[in-house]
Amino acid sequence: MQVSERRIVVLGCGGTIAGRAASASDNLGYRAGELGVEELIAHVPVPEGSTLAAEQVANIDSKDLGLAQWCALSQRCAHWLAQTEVAGIVITHGTDTLEETAFFLHAVLAPVKPVVLTGAMRPATSAAADGPQNIADALSVAASPLAQGVCVVLAGTVHGAIEVQKVHSYRADAFGSGDAGPLAYVEEGRLRVLRAWPQGPALRSAGSLPDPDAWPRVEIVMSHAGAGSALVRALVKDGVAGIVVAATGNGTVHEALEGALLAAQEQGVAVRRASRCAQGRVLPQPGDRLPGADGLSPVKARIALMLELMQ
Ligand code: ASP
């Protein structure tokens, strides 16, 4: 019986995985986003029964990503996901804001097919480059009938878009899923699934996003010992549409900052409380004066609030 071929589309966005240093022993002094996506996949094993197509969407350090790149990437994903022969998408991306892009794509695409983001902690020129294995693992996930939705694959571990966070600044195994735990492991090209892939409707469709300069502006402020009201007052004066507070513990906010946030809310600014803790979530309580962020981290709560305020 002839098995029809699956196509996997690899979209390049840059990052350390596409980074180049002057020496193979230099894992730090490199420039991110130098190699093209075709070069990244040239020697990576392709899952049996699959063919690859590659497209460069951006080639930058992900710390510099903006709304324009997110809009372009979501539109390219939507285009490819609509092709029947496409089984899944792999996105090569910098690790610094990988969790934000993953959550954004989850929020605007909510795809049934797998959209798998991967990156690397060492540049492509490193003697111990981790990128090729991460791409091979991401391709295996994208080709697997067990995978669905947006996820992140690094160091043989598959994380869901909602929970994934960069938790280490240097280690190759730099990502975690907090107390939810990973979705799966990739072992020699096979998936060992640990829990159900999260599904749900898109918060807003990729095709209906406004131009980047028309997005509502949402900023993040942090509560900490000695926090004050000045930043929030300045943001309100500057016309911000929403503020996410990275609150301490279970959503507690310094009284001086809380006063300013309540005043901002009174004036029509949307305020959400997320926790600055790496694990756990803000548990709602009766009488909460500032709404929680549905368990999202501050950077993801900001994305969810921007999409909510567009409606
Ligand atoms: N600064 C890099 C980036 O996010 C770091 C990395 O990819 O690991 O593009």
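Residues numbered from 1 in each chain as written. Predicted model: local features only at pLDDT ≥ 70, side-chain atom pairs only at ≥ 80, totals over all residues. Heavy atoms only, no water.

1. Here's the deal with the packing of helix H2 (residues 67-81) against helix H3 (residues 98-109)
Part 1: Running from N to C, H2 and H3 point in directions that differ by 50 degrees, and their axes come no closer than 10 Å. Considering their axes alone, H2 and H3 lie oblique with respect to each other. In the packing of H2 onto H3, the handedness of the crossing is right-handed. Across the interface between the two elements, Trp70, Cys71, Leu73, Ser74, Cys77, Ala78 and Leu81 of H2 pack against Glu100, Thr101, Phe104, Leu105, Val108 and Leu109 of H3.
Part 2: Counted by class, the contact of H2 with H3 contains 10 nonpolar, two polar and one charged residues. (Axes fitted to C-alpha atoms, helices over the stretch in contact; angles between N-to-C directions. Helix = DSSP H or I, 4+ residues; strand = E, 2+ residues; numbered from the N terminus. Parallel < 35°, antiparallel > 145°, perpendicular 65-115°, else oblique. Left-handed = near helix turned anticlockwise from the far one by under 90°. Contact = heavy atoms within 4.5 Å. Nonpolar A, V, L, I, M, F, W, Y, C, P; charged D, E, K, R; others polar.)

2. Side note on helix H4 (residues 131-143)
Note that an α-helix has 3.6 residues per turn; residues three or four places apart therefore point the same way.
Part 1: For H4, which comprises 13 residues, the first-to-last C-alpha distance of 18 Å matches the rise-based estimate of 18 Å (1.5 Å per residue) to within 8%.
Part 2: Most of H4 sits inside the fold, with 11 of its 13 residues counted as buried.
Part 3: Here H4 has its buried residues at Gly131, Asn134, Ile135, Ala136, Asp137, Ala138, Leu139, Ser140, Val141, Ala142 and Ala143. (Expected span 1.5 Å × (residues − 1). Buried < 20%, exposed > 50% of the residue type's maximum accessible area, 1.4 Å probe, protein only.)

3. Some thoughts on the packing of aromatic side chains
The geometry of an aromatic ring pair comes down to the distance between the two centres and the angle between the two planes.
Part 1: Enumeration according to the criterion identifies two aromatic pairs in this entry.
Part 2: Relative to Trp215, the ring of Phe104 lies with its centre 5.9 Å away and its plane at 40 degrees, an arrangement referred to as tilted. Of this pair, Phe104 sits in helix H3 while Trp215 is found in the loop between strand S12 (190-193) and strand S13 (218-222), placing the two residues 111 residues apart along the sequence.
Part 3: Residue classification places Phe104 among the buried residues on the basis of a relative accessible area of 0%.
Part 4: Trp215 gets classed as buried once you look at its relative accessible area, which sits at 8%.
Part 5: Members of the aromatic cluster, each reached through a chain of ring pairs, are Trp70, Phe104 and Trp215. (Phe/Tyr/Trp six-rings, centres within 6.5 Å; stacked < 30°, edge-to-face > 60°.)

4. What to know about the environment of Asp26
Part 1: Following the sequence through the fold, Asp26 ends up in the loop between strand S2 (20-21) and strand S3 (30-31).
Part 2: When its relative accessible area of 25% is taken as the criterion, Asp26 is described as partly exposed.
Part 3: Each C-alpha atom of the pair Asp26 and Ser62 lies 20 Å from the other, and the pair is 36 residues apart in sequence.
Part 4: Non-local contacts of Asp26, meaning those with residues more than four positions away in its chain, are made with Ala21 and Pro123.
Part 5: A distance of 3.0 Å separates the side chain of Asp26 from the backbone nitrogen of Leu28, its partner in a polar contact. (Polar contact = N/O pair within 3.5 Å; in protein donor to acceptor, adjacent residues only side chain to side chain.)

5. Overview of the site of the ligand
Part 1: The full set of residues close to the ligand is Gly15, Thr16, Asp61, Ser62, Gly94, Thr95, Asp96 and Ala120.
Part 2: One of the backbone nitrogen or oxygen atoms of Thr16 is found 2.9 Å away from an oxygen atom of the ligand.
Part 3: Within the side chain of Thr95, an N or O atom sits 2.5 Å from an oxygen atom of the ligand. (Near = heavy atom within 4 Å.)

6. Brief notes about the sheet that holds strand S11 (residues 184-187)
Note: strands within a sheet are paired through backbone hydrogen bonds, in either parallel or antiparallel orientation.
Part 1: Strand order in the open sheet formed by eight strands is S4-S1-S5-S6-S7-S8-S11-S12, and the pairing between neighbours is mixed. Every interior strand has two partners, whereas the edge strands, strand S4 (50-60) and S12, have only one. Within this sheet the neighbouring strands show an average axis-to-axis angle of 25 degrees, counted without direction.
Part 2: With four bridges connecting them, strand S6 (residues 114-118) and strand S7 (residues 149-154) associate as parallel partners. (Pairing = 2+ DSSP bridges.)

7. Some remarks on the sheet that holds strand S14 (residues 242-247)
Part 1: Spatially, the three strands line up as an open sheet ordered S13-S14-S15, and their pairing is parallel. Single-partner strands in this sheet number two, and they are S13 and strand S15 (270-275). Across the sheet, the mean angle from the axis of one strand to that of its neighbour is 25 degrees, orientation sign disregarded.
Part 2: Two strands pair when backbone bridges link them, and S13 and S14 are joined in this way by five bridges, in the parallel orientation. Following the sheet pairing, Val218 is matched in S14 by Gly242.
Part 3: Sheet strands touched by helix H7 (residues 298-309): S13, S14 and S15. Its angle to S14, the strand with the most contacts, is close to 160 degrees.

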